[in-house]
Amino acid sequence: LRHGLRTIKALPGGMQSVSRHTFALARLTFNSLSALRHHNGKPVVKVHCEDGYSDISTQGGMVNFTLLDSSGEVVGHSTFARIAALEGVHVRTGCFCNTGGCQRWLGMDDQDTLALHSAGHVCGDGVDLVEGRPTGSVRVSFGYMTTNRDVDTLIDLIMMHFVESTSSVAQELEKTMTVESAQTSKVKVEAGEVVLESIVVYPVKSCRGMQVSEWPLGEAGLR
């Protein structure tokens, strides 16, 4: 702690400078997330905030949001957390030890909270949706060492895995059909010898696959 405080004190402007820096990053993130749209024009993200990051006195250096699919349904925060971890992006998800905040921004009341508890939902259990309603959200937090590049990494992750595009779906389908056709032809030409052309891993259901260059092979298949 002593080293951390010493570092912040040594920065030009100290904590005020850190505050301005992190707020600028949060505002950039808010604007970038708010601009994301699915193929049908519907928003990809709902940001939970007071005034659209227009005032540093009411918004700090973090952004809290909920992901939505192209039909407007909520994408569970646990799903996002797993994808983010695979991409090396560190976020916090859930209710953030703030039941009142969750009730306000997610539209829950005391009875909803009690019903979730009665159903067995507890903090950190990974249950992110109950009857289509979210139990928490996603939060990204910025520090003095965070840069615009980190914001770009977050936006790229969401665009790659959660923005639904008709053109991208068609391209993926066409690519899959082309690969399957090529593999079929190769099997016939090489008299039954199967050649692996590519590997696509789908770690989370209903999210875009991740193409990998290699994967361990065991007696039962891919490990």
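Relevant structure appears above.
The structure presented is a predicted model; accordingly, all values stated were derived computationally and were not measured.

Got a minute to help me understand the state of the cysteines in this structure?
One covalent bond between the sulfur atoms of two cysteine residues makes up a disulfide. Summed over all chains, the structure comprises one disulfide. In this model, C95 is linked to C102 through a disulfide, with the two sulfur atoms separated by 2.0 Å. Looking at C102, the relative accessible area reads 5%, which means it is buried.

Teacher, can you tell me more about the pairing of strand β7 (residues 137–141) here?
Each regular strand shows side chains that alternate between the opposite faces of the sheet. By the bridge criterion, four bridges tie strand β2 (residues 62–68) to β7 in an arrangement that is antiparallel. Bridging across to β7, M62 finds its partner in S141. Here strand β4 (residues 92–94) runs beside β7; their pairing, made up of three bridges, is antiparallel. Across the sheet, residue R92 finds its bridge partner in β7, namely R139.

Can you help me understand the environment of S141 in this one?
One can find S141 in strand β7. Placed 119 residues apart in sequence, S141 and T22 show a C-alpha to C-alpha distance of 8.5 Å. Setting aside residues no more than four positions away along its own chain, S141 makes contact with G61 and M62. A polar contact of 3.5 Å, which involves the side chain of S141, links it to the side chain of R139.

Any chance you could explain the packing of aromatic side chains here in plain terms?
Aromatic ring pairs: the centre-centre distance and the angle between the two ring planes describe each pair. One pass over the structure, following the stated rule, counts four aromatic pairs. Between the aromatic rings of F30 and Y53, the centroid separation amounts to 5.2 Å while the plane-to-plane angle is 35 degrees, which identifies the pairing as tilted. Taken as a pair, F30 in helix α2 (residues 14–35) and Y53 in the loop between β1 (45–47) and β2 lie far apart in primary sequence, 23 residues in all. Residue classification places F30 among the buried residues on the basis of a relative accessible area of 15%. Pairing F80 with F162 gives two aromatic rings, centres 5.6 Å apart and planes at 40 degrees, and the pair type is tilted. Separated by 82 residues along the polypeptide, F80 in helix α3 (residues 77–86) and F162 in the loop between α6 (148–161) and α7 (166–189) bring together distant segments of the chain. These aromatic residues form a ring-pair network of at least three members: F23, F30 and Y53. Geometry around F96 places R139 over its ring, the cationic atom sitting 5.0 Å from the centre.

Got a minute to help me understand the pairing of β2 in this structure?
Most of β2 sits inside the fold, with six of its seven residues counted as buried. Note: β1 against β2, three bridges, orientation antiparallel. From the neighbouring strand, V45 faces β2, where its bridge partner is L67. Two strands pair when backbone bridges link them, and β2 and strand β3 (residues 74–75) are joined in this way by two bridges, in the antiparallel orientation. Opposite L68, over in β3, you have V74 as the bridge partner.

The rules behind the values
- Once a new chain begins, its residue numbering starts again from 1 and follows that chain's sequence as written.
- Since the coordinates come from a predicted model, pLDDT governs what is reported: local features require at least 70, and pairs of side-chain atoms require 80 or more to be given and counted, while whole-chain, interface and lining totals use all residues.
- Side-chain descriptors were evaluated using all non-hydrogen atoms of the structure, hydrogens and water having been removed beforehand.
- Cysteine sulfurs are considered disulfide-paired once they come within 2.5 Å of each other.
- Buried, partly exposed and exposed residues are distinguished by accessible area as a fraction of the type maximum, computed with a 1.4 Å probe on protein chains only: under 20%, between the cut-offs, and over 50%, respectively.
- Strand pairing follows a simple DSSP-based rule, namely that at least 2 bridges must link the two strands.
- Numbering of helices and strands runs from the N terminus, with a helix taken as a DSSP run of H or I at least four residues long and a strand as a DSSP run of E at least two residues long.
- A contact between two residues is defined here by any heavy atoms of the two lying within 4.5 Å.
- Here a polar contact is taken to be a pair of N or O atoms separated by no more than 3.5 Å, where protein atoms must pair a possible hydrogen donor with a possible acceptor and residues adjacent in sequence count only if both atoms sit in side chains.
- Only Phe, Tyr and Trp rings take part, Trp by its six-membered ring, and two of them pair if their centres are within 6.5 Å. Stacked means planes under 30 degrees apart, edge-to-face means over 60, and tilted covers everything else.
- Lysine NZ or arginine CZ positioned within 6 Å of the ring centre and within 35 degrees of the ring normal marks a charge as sitting over the ring.

What is shown is where atoms sit, not what they do.
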